[in-house]
Amino acid sequence: MAVYVVLLGPPGAGKGTQAEILSEKLGLAHVSSGDLFRENIKNQTELGKLAKGFMDRGDLVPDDVTIAMVRERLSRPDCAKGALLDGYPRTPAQAAALSQMLNNLGGKVDVVPYIRVDEEELVRRLSGRWTCRAEGHIYHEVFNPPKQTGVCDVDGSELYQREDDKRETVQRRIHVYLDQTAPLIDYYRKEGSLVEVDGAQNIEAVTQDLLAAMPAVAGGAKA
Ligand code: ADP
Ligand code: ADP
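So, here is what we can say about the structure in this document. As the structure is a prediction and not an experimental result, all values here were calculated from the model.

## Focus: the sheet that holds strand S6 (residues 138-140)
One open sheet accounts for three strands, arranged S6-S5-S7; its pairing is antiparallel. Of all the strands in the sheet, the pair left with one neighbour each is S6 and strand S7 (159-160). Across three bridges, strand S5 (residues 129-132) lies against S6 in antiparallel orientation. Bridge assignment links Trp130 to a residue of S6, and that residue is Tyr139.

This is how it looks when you write it as structure tokens:
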């Protein structure tokens, strides 16, 4: 049976960082809606052109296009064993659509780790984030620096600072998160799938807590 994990948390909580590590350990595809949008922008697709304005302002891309994009992604062969969703769902409508898509695939949302981090720390993390051009690998200039400044350890591509990581846009994104995405915490708590993890610890400690919080999924994880 395929396994689906939804990583929930504010922008900067460490969802992408943990998804990279966990997808490798758990053998699940990493599905990041933000990465999918950035890929579309890079390839200058119609979807990319539409998404860019919303992303630059720190607003959410409309539900209909976001849902269609993720549905297509989850139907690809590398998701046959399941997926780690990072950055999706972000609204109640997206959460409802996800249940339905997974139902059609014969699965469900198995577990929703909610990574808790306070706002001051989020700003510190986002303002020091560096992202790899080729594949979206994530670094922090102080907390998780690359071996060589400006160069991705994994694929050697250039690192850049995301346009939406500047201070004003970060504030807007946190506001949008509190308004539109935070209600999902209660939604998944009521469904019984929420597990809370303290995201203020170092990256390794957060990984360990995530694995411990989802024993049924992490059973076969590589140490
Ligand atoms: P999200 O996907 O939730 O927005 P990221 O994984 O991109 O978050 O992390 C945001 C920034 O914080 C990145 O620069 C990343 O290197 C850094 N980071 C991630 N986890 C931690 C952590 N546990 N401690 C310190 N910095 C972290
Ligand atoms: P972060 O890592 O800081 O949480 P993401 O890379 O997940 O940011 O998202 C960047 C931007 O892409 C968001 O601010 C939003 O504009 C858009 N986006 C990503 N995922 C979604 C989604 N599920 N619904 C709507 N917009 C999204």
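## So, the packing of aromatic side chains
In the structure shown here, the tally under the stated rule is one aromatic pair. On the numbers, 4.9 Å between centres and 85 degrees between planes, the contact of Tyr187 with Tyr188 is edge-to-face. When its relative accessible area of 29% is taken as the criterion, Tyr187 is described as partly exposed. On the basis of relative accessible area, Tyr188 is assigned to the buried category, the value being 0%. Here the guanidinium or amino end of Arg57 rests over the ring plane of Phe54, the centre of that ring lying 5.2 Å away. Of note, Arg133 hangs over the ring of Tyr160, and the distance from its end group to the ring centre comes to 4.2 Å.

## Some points on the site of ligand 2
Residues in close proximity to ligand 2 total 19 residues, the closest being Ser33, Arg38, Asp59, Gln94 and Arg173. With respect to ligand 2, the backbone of Gly87 contributes an N or O atom lying 2.9 Å from a nitrogen atom. Arg129 is positioned such that a nitrogen or oxygen atom in its side chain is 3.1 Å from an oxygen atom of ligand 2. When ligand 2 is considered free in solution it has 560 Å² of accessible area, and contact with the protein chains removes 96% of it. At four residues, helix H2 (residues 33-42) tops the list of elements feeding residues into the shell around ligand 2. For the shell around ligand 2, the residue count by class is six nonpolar, five polar and eight charged.

## Examining the pairing of strand S3 (residues 82-86)
Burial runs high along S3: five of the five residues are buried. Every second residue of S3 is oriented toward a common face, with Gly82, Leu84 and Asp86 on one face and Ala83 and Leu85 on the other, all of them buried. Bridge analysis of strand S1 (residues 3-7) against S3 gives five bridges, and the strand direction is parallel. Bridge pairing in S3 links Tyr4 to Ala83. Pairing geometry for strand S2 (residues 29-32) and S3, over four bridges, is parallel. In the strand pairing of S3, Val31 is matched with Leu85.

## Let's talk about the site of ligand 1
Close to ligand 1 lie 17 residues, the nearest being Gly12, Thr17, Arg129, Tyr139 and Gln201. The side chain of Arg125 places a nitrogen or oxygen atom 3.3 Å from a nitrogen atom of ligand 1. Relative to its free-state accessible area of 560 Å², ligand 1 is covered by the protein chains to the extent of 94%. Taken together, the elements giving at least two residues each to the shell around ligand 1 come down to helix H1 (15-26) and S6. Here the shell around ligand 1 is built from residues that sort into seven nonpolar, seven polar and three charged.

## Some points on the nonpolar core
Of all hydrophobic cores here, the largest spans 33 residues; its most connected members are Leu8, Leu74, Leu85, Tyr88, Leu98, Met101 and Tyr188. If you tally residues by element for this core, the top one is helix H5 (residues 92-104), at five residues. Ranked by size, the runner-up nonpolar core spans 24 residues in total, among them Leu7, Ala19, Val206 and Met214.

Definitions and cut-offs
- Residues numbered from 1 in each chain as written.
- Chains lettered and ligands numbered in written order.
- Predicted model: local features only at pLDDT ≥ 70, side-chain atom pairs only at ≥ 80, totals over all residues.
- Heavy atoms only, no water.
- Pairing = 2+ DSSP bridges.
- Helix = DSSP H or I, 4+ residues; strand = E, 2+ residues; numbered from the N terminus.
- Phe/Tyr/Trp six-rings, centres within 6.5 Å; stacked < 30°, edge-to-face > 60°.
- Buried < 20%, exposed > 50% of the residue type's maximum accessible area, 1.4 Å probe, protein only.
- Lys NZ or Arg CZ within 6 Å of the ring centre and 35° of its normal.
- Near = heavy atom within 4 Å.
- Polar contact = N/O pair within 3.5 Å; in protein donor to acceptor, adjacent residues only side chain to side chain.
- Areas by Shrake-Rupley, 256 points an atom, 1.4 Å probe, with all protein chains shown as cover.
- Nonpolar A, V, L, I, M, F, W, Y, C, P; charged D, E, K, R; others polar.
- Core = buried A, V, L, I, M, F, W, Y, C linked by side-chain atoms within 4.5 Å.

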